[in-house]
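Now for the letters of each chain:
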Amino acid sequence: MIFNLDNLVRENIKALKPYSSARTEYTGNATTYLDANESPFNSMLLDNCELSFNRYPDPLQWQVKFALAKIKGVPAENIFLGNGSDEVIDLAFRIFCIPQKDNVIICPPTYGMYKVSANINDVAVNTINLLPNFQLDVSAILNAINEQTKLIFICSPNNPTGNSINKEDIITLLTNFNGIVVIDEAYINYSAQQSFIAALTTFPNLIVLQTLSKAWGLAALRLGMCFASLDIIDLFNKVKPPYNINLATQHLVKGALENVHTVNNQITLTIKERTNIINELSKFNFVKNIYPSDANFILINVTDATKLYIYLIQKGIIVRNRSNEPLCANCLRITIGTALENKLLLTAFKNYTNG
């Protein structure tokens, strides 16, 4: 099957002349900036800060991308950075999907922003539920594809189920679909499964999403990563706002990326705590099933999810009640916390009485 990216891109996006920011109209070094109507004075509130926030940041975040390239083993030119992965998801709709005409495929239970973003962009959603083992129903997905299908979203490891999606099933879709397959790897750092970043040169219709919000502990900075072909990255850069990643985020992320060893140790601790939580929760008779997890959370099936959820709130412990999701009746999603937080959770479970 021959993939043609040009056939997928909306005509208005092809014709779009992107906004030319002051920081993209010159190359080289400069000492005097009189081009962007900025204040020449840094905010008095930031006198003790090493950064000058009166100047616009690098619109393409090259220093962060160079640092990420060394970690991810992919050229910086194949990286797009978004204000969280949610910005990347939204841009994909705006680039590839014509409102009220095109459609996308999602596979619930999965991350809810795929559907929300589709609704915001007035794009139809074809829903193909996961199989009871939380794997893709590949034949149903292939049968649902039509000429207006532009995107397929796959979350692996999946949220809220925690499992990794079968790699061969994803490859089947990549091989037999002329649209874009978006693989959301927000939780890949906790999984033994290899990232699909390594397959970018094989599949030109592949977009891989990752984030610094999970294993890197930088959720408040809102930095999502997109890895794709140069042509797809060019489209994202064409459509994005000129300064979508602020200077503080760029600076702090660049520093954080120097601490790979620390992050890897924290991942190891989280996986160890995950194993302990699973072992302890399996001892309670009101816990009917604990699903395998490759993420920093677990999904458990209990006798009465709503009752247990409310009880935990009363104890000051917040989890997610996923009972309204397909295949998740009476299921709670529990994030793996610190050793102390997990101890508080287990203590609450021991004191819970299932009436």
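Residues numbered from 1 in each chain as written. Predicted model: local features only at pLDDT ≥ 70, side-chain atom pairs only at ≥ 80, totals over all residues. Heavy atoms only, no water.

Caption draft 1: Examining the sheet that holds strand S9 (residues 297-302) more closely. Taken together, four strands build an open sheet; the order of strands is S8-S9-S11-S10 and the sheet is antiparallel. Of all the strands in the sheet, the pair left with one neighbour each is strand S8 (287-290) and strand S10 (320-321). Of the strand pairs in this sheet, S9 and strand S11 (residues 331-335) are connected by five bridges, and their pairing is antiparallel. Bridge assignment links Asn301 to a residue of S11, and that residue is Cys331. Of the strands in this sheet, S9, S10 and S11 touch helix H10 (residues 305-314), which is tilted by about 35 degrees from S11. (Pairing = 2+ DSSP bridges. Helix = DSSP H or I, 4+ residues; strand = E, 2+ residues; numbered from the N terminus. Contact = heavy atoms within 4.5 Å. Axes fitted to C-alpha atoms, helices over the stretch in contact; angles between N-to-C directions.)

Caption draft 2: Focus on the nonpolar core. With 56 residues, the main nonpolar core has Leu136 and Leu206 as its most contacted residues. It is helix H2 (residues 62-72) that contributes the most residues to this core, four residues altogether. Once residues within four sequence positions are removed from consideration, Leu136 is found in contact with Cys107, Leu130, Leu131, Ile141, Ile154, Ile165, Asp169, Ile170 and Leu173. Of all hydrophobic cores here, the second largest spans 33 residues; its members include Val104, Leu151, Ile180 and Val239. (Core = buried A, V, L, I, M, F, W, Y, C linked by side-chain atoms within 4.5 Å. Buried < 20%, exposed > 50% of the residue type's maximum accessible area, 1.4 Å probe, protein only.)

Caption draft 3: Main features of the environment of Ile267. Mapped onto the secondary structure, Ile267 falls in helix H9 (residues 260-281). Given the relative accessible area of 9%, Ile267 is considered buried. Each C-alpha atom of the pair Ile267 and Ile105 lies 31 Å from the other, and the pair is 162 residues apart in sequence. If we ignore the near neighbours within four places in the chain, the residues touching Ile267 are Asn189, Tyr190 and Ala215.

Caption draft 4: Broad picture of the state of the cysteines. By the definition in use, this model includes zero disulfides. Summary of cysteine pairing: Cys107 is not part of a disulfide, and the nearest cysteine sulfur, belonging to Cys155, is at 11 Å. Note on Cys107: relative accessible area 4%, which makes it buried. Using a relative accessible area of 3% as the deciding quantity, one classes Cys155 as buried. (Disulfide = S-S within 2.5 Å.)

Caption draft 5: Fine view of the packing of H9 against helix H11 (residues 339-351). Running from N to C, H9 and H11 point in directions that differ by 5 degrees, and their axes come no closer than 11 Å. With respect to each other, H9 and H11 are oriented roughly parallel. Here H9 contributes Glu273, Asn276, Ile277, Glu280 and Leu281 to the contact with H11, which in turn contributes Ala339, Asn342, Leu345, Leu346 and Phe349. Grouping the constituent residues of the contact of H9 with H11 by class yields six nonpolar, two polar and two charged. (Parallel < 35°, antiparallel > 145°, perpendicular 65-115°, else oblique. Nonpolar A, V, L, I, M, F, W, Y, C, P; charged D, E, K, R; others polar.)

Caption draft 6: Representation of the sheet that holds strand S7 (residues 224-227). Taking strand neighbours across the sheet as the criterion, the seven strands line up as S1-S7-S6-S5-S4-S2-S3 in an open arrangement whose pairing is mixed. Each edge of the sheet is formed by a strand with only one pairing partner; in this case those strands are strand S1 (79-82) and strand S3 (124-127). Looking at each pair of strands side by side, their axes are set apart by 25 degrees on average, direction ignored. Alignment of S1 against S7, held across four bridges, turns out to be antiparallel. Looking at S7, one finds that Gly82 is bridged to Gly224. Sheet contacts for helix H3 (residues 85-96): S1, strand S2 (103-106), strand S4 (149-155), strand S5 (180-184), strand S6 (206-211) and S7; angle to S4, the most-contacted strand, approximately 160 degrees. Docked against the sheet, helix H4 (residues 113-120) engages S2, S3, S4 and S5, running at close to 165 degrees with respect to S2.

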